[in-house]
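# Survey of secondary and tertiary structure
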Amino acid sequence: MEVNCISEGASEPFIPGGHIASGWTTGDTGDAEYIQDPLIPDFSSKPYEIYCGDARETIRRLKAGGTQFDCVVTSPPYFNQRMYGDDPREIGRESGNGGVDSFISNLVSIFRKIPVRPWASLWVNLGDKRSANGALMGVPSLFVVAMQDAGFFLKDDVVWAKEVVPVGGRSIGHCQVEPAPGRLNGNGWEPFFRFVADPKRAWSDTSAVRIPRDDDHFFHQGTGTPIEQHRYSTAMECVTSLEGRNLSNVWFVGNSREGNGHFAAYPKELVERPIAMTCPEYLVEDGGEIKPRVRIVEPTEYSEGPGRGKRAMGQYSLAEPKVGDGQLTPEEQKQEEKRIENLREKSGRMDFARGYTPRYPKPKGWTLMDNPVVGPGIVFDPFGGNGTTGHVAVLLGRRFVGIDLYQDNAERMKGRCERAYASLRTERGVN
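No experiment lies behind these values; they were computed from the predicted model shown.

Parameters at a glance
Residues numbered from 1 in each chain as written. Predicted model: local features only at pLDDT ≥ 70, side-chain atom pairs only at ≥ 80, totals over all residues. Heavy atoms only, no water. Patch = residues over 30% accessible without salt bridge, like charges linked within 9 Å, V, L, I, M, F, W, Y side chains within 5 Å. Areas by Shrake-Rupley, 256 points an atom, 1.4 Å probe, with all protein chains shown as cover. Salt bridge = Lys/Arg side-chain N within 4 Å of Asp/Glu carboxyl O. Helix = DSSP H or I, 4+ residues; strand = E, 2+ residues; numbered from the N terminus. Buried < 20%, exposed > 50% of the residue type's maximum accessible area, 1.4 Å probe, protein only. Axes fitted to C-alpha atoms, helices over the stretch in contact; angles between N-to-C directions. Parallel < 35°, antiparallel > 145°, perpendicular 65-115°, else oblique. Left-handed = near helix turned anticlockwise from the far one by under 90°. Contact = heavy atoms within 4.5 Å. Nonpolar A, V, L, I, M, F, W, Y, C, P; charged D, E, K, R; others polar. Phe/Tyr/Trp six-rings, centres within 6.5 Å; stacked < 30°, edge-to-face > 60°.

Once that is clear, we can look at a nonpolar patch on the surface. Residues Val164, Ile172 and Phe252 make up a contiguous nonpolar surface patch of about 240 Å² in total accessible area. As for its placement among the helices and strands, phenylalanine 252 is situated in strand β14 (residues 250-252). With relative accessibility at 43%, the residue phenylalanine 252 sits in the partly exposed group.

Next up, the structure:
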């Protein structure tokens, strides 16, 4: 299986795709820099392009070719956790007194150079590292601060929960065993950060990742007829409802079983939601500009059914102060007012005796429906590894560009994208 192999300063063509052009690009300093063989992903016959090479060099050449990405989803190598090969350019190998700082600086530098559209989101899964004395180094927290210093905004902070232990003591899920005296197993969760360049312009479709409502309490207003709920995509393992409740930021997802030689693969269920929610399904041309379609929703009243009247009537917000036989002292009066305030806050709506009318976001279509479609959004993974991001992106009808430093990983990534594209074509009835 052949992939596009990128060598630093290379001028030879790449097989089987990835157009080559020659031109100038402007660096961060404003100086014009000549780039040999800028890269242009070839989506003419397939929705993905895979490159084998150094992320920094490949990104530089993709940018020179004019490529812009709509969403980045990646899990870079963790700091000093494992070696994937013998290439000295491998991220995560930084050593010496400034090893962690160098690692974070290198990551931030790479992410800053990725050419993205103004509405793009950048999702990064990054685990921590312990020092020689067993103390956590706080790598994810340091990374977030460095990204913010570089001009990124932290839009979402997701907890990827691998193993959860309820009060009953029987764990749900499984994480890697970590026998260490005097501390807890630190492998039960990892952070998954979402950064954006502009919080006001960042594109999202939260309807795509909403979770189903309780069918016993979701009826058309004034009737006993249940409201039908629709999944965003049957290609997703994560169950969704376009009419559902807003998704929280703690996701219980097990470890990947599809490493196939790659020892740090994250599961496809983990990246389904970021891609569905933050990579546009449709890019259209509008007045000479490329814009994403935005889902239109209409807040629609619904009935929660019989037995829910207390909430609608303000069970807590209608609470009245208790009055004793004698007049309350100022201190007692203050405590009673605090008690009533706390009860009213329990309603979560602060309606203060006004009846609450539940509403759900009813999908009504998309903006810019009459504009010509340019194509789906492009997902990018500069540390493609096992190809999980590409596999999910293609299954969900997006385009994908992936990079990995090692050819075995790049070929594995390409194979998963090929299989995902075959499944997508079968689902859509395309020969």
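Resuming the write-up.
So, on to the packing of helix α7 (residues 388-395) against helix α8 (residues 407-427). Where α7 contacts α8, the axes come no closer than 8 Å and their chain directions differ by 15°. The orientation of α7 relative to α8 falls into the category roughly parallel. By crossing handedness, the relation of α7 to α8 is classed as right-handed. For the pair formed by α7 and α8, the contact residues are Thr388, Gly390, His391, Val394 and Leu395 on the first element and Arg416, Cys417, Ala420, Tyr421, Ser423 and Leu424 on the second. In the contact of α7 with α8, the residues fall into six nonpolar, four polar and one charged.

With that settled, consider the pattern of salt bridges. Per the stated rule, a full pass over the model turns up 14 salt bridges. The closest approach of N and O atoms between arginine 61 and glutamate 57, which form a salt bridge, is 4.0 Å. Of this pair, arginine 61 and glutamate 57 both sit in helix α1 (residues 55-64), separated by four residues, roughly a single helical turn. Its salt-bridge partner being lysine 268, residue glutamate 269 comes within 3.8 Å of it at the nearest N-O pair. Each of Glu57, Arg60 and Arg61 takes part in one network of salt bridges that share partners.

Further remarks concern the packing of aromatic side chains. What the rule picks out here adds up to 14 aromatic pairs. Look at phenylalanine 193 and phenylalanine 195: their rings are 6.1 Å apart centre to centre, the planes differ by 50°, and that puts the pair in the tilted class. A residue is classified by how much of its surface remains accessible, and phenylalanine 193, at 5% relative accessible area, is buried. Measuring from ring centre to ring centre gives 6.1 Å for tyrosine 302 and tyrosine 360, while their planes differ by 65°; the resulting arrangement is edge-to-face. Of this pair, tyrosine 302 sits in strand β17 (residues 295-303) while tyrosine 360 sits in strand β18 (residues 359-366); the two residues are 58 residues apart in sequence, bridging distant segments of the chain. Neither residue differs from the other here; tyrosine 302 and tyrosine 360 are each classed as buried.

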